[in-house]
Amino acid sequence: MNFDKDLDARGLNCPIPILRAKKALNDMTGGQVLRILSTDPGSVKDFAAFAKQTGNELLSSAENNKEFEFYLKRK
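It should be emphasised that the depicted structure is a prediction, and the values quoted were computed from it without experimental measurement. Residue numbering note: each chain is counted from 1, following its sequence as written. Only residues with pLDDT of at least 70 get local features here, since the model is predicted, and only at 80 or more are side-chain atom pairs given and counted; chain-wide, interface and lining totals rely on the full set of residues. Hydrogens are left out, water is left out, and the side-chain values use all remaining heavy atoms of the structure.

S.K.: Pulling in residues and values, what's your account of helix H1 (residues 16–26)?
M.R.: Relative accessibility thresholds used throughout: buried, under 20% of the residue-type maximum; exposed, over 50%; partly exposed, between the two (1.4 Å probe, protein chains only). The helix and strand labels rest on DSSP assignments: H or I over at least four residues marks a helix, E over at least two residues marks a strand, and numbering proceeds from the N terminus. Among the residues making up H1, those that are buried are Pro-17, Ile-18, Ala-21, Ala-24 and Leu-25. Burial along H1 is one-sided: seen end-on, the buried residues are contained in an arc of 125°. Opposite the buried face of H1, by more than 90 degrees, sit the exposed residues Lys-23 and Asn-26. Throughout, a residue-residue contact means that at least one pair of heavy atoms, one from each residue, lies within 4.5 Å. Buried positions along H1 lie against strand E1 (5–9), strand E2 (33–38), helix H2 (43–54) and strand E4 (67–73). Arc, as used here, means the arc of the directions from the helix axis to the C-beta atoms.

S.K.: If you had to explain the pairing of E2 to someone new, which residues and values would you point to?
M.R.: Of all the six residues making up E2, six are buried; the element is thus mostly covered by neighbouring parts of the structure. At least two bridges found by DSSP between two strands are what make those strands a pair. Pairing of E1 with E2, which is carried by five bridges, proceeds in the parallel orientation. Paired with Leu-7 across the strands is Ile-36, a residue of E2. Handedness of the crossover joining E1 and E2 through H1: right-handed. Inspection of the sheet shows E2 paired to E4 by six bridges, in the antiparallel sense. Residue pairing across strands places Arg-35 opposite Tyr-71, the latter belonging to E4. We call a crossover right-handed when, viewed with both strands directed away from the observer, the connection leading from the first strand over the helix to the second proceeds clockwise.

S.K.: An account of the sheet that holds E2 is needed here, citing residue identities and associated values.
M.R.: As summarised here, the arrangement of the four strands in space is E1-E2-E4-E3, forming an open sheet in which the pairing is mixed. The strands lining the two open edges of the sheet, one partner per strand, are E1 and strand E3 (57–64). Between one strand axis and the next, the sheet turns through 15° on average, direction left out of account. Where E3 and E4 come together, seven bridges link them in antiparallel fashion. When the sheet's bridge partners are listed, Ser-60 is paired in E4 with Tyr-71. Here, axes are lines fitted to C-alpha atoms. For helices the fit covers the stretch in contact, and angles between N-to-C directions go from 0 to 180 degrees.

This is the structure:
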């Protein structure tokens, strides 16, 4: 999937990945896509809730070898 900005939050625990994603999204324009990499298992629920609360769209969420990859589209 294509993305406009990349955020590496591997090795960081909740709530840091969400806070960094929020900051990154604030620097982006509507319709742009942010890719987030995380190793925190709680980030799966966190990013789903974050998208719902903020109106940003969670385009996809995947796990590979205990690494999580999210694509968030800026509202």
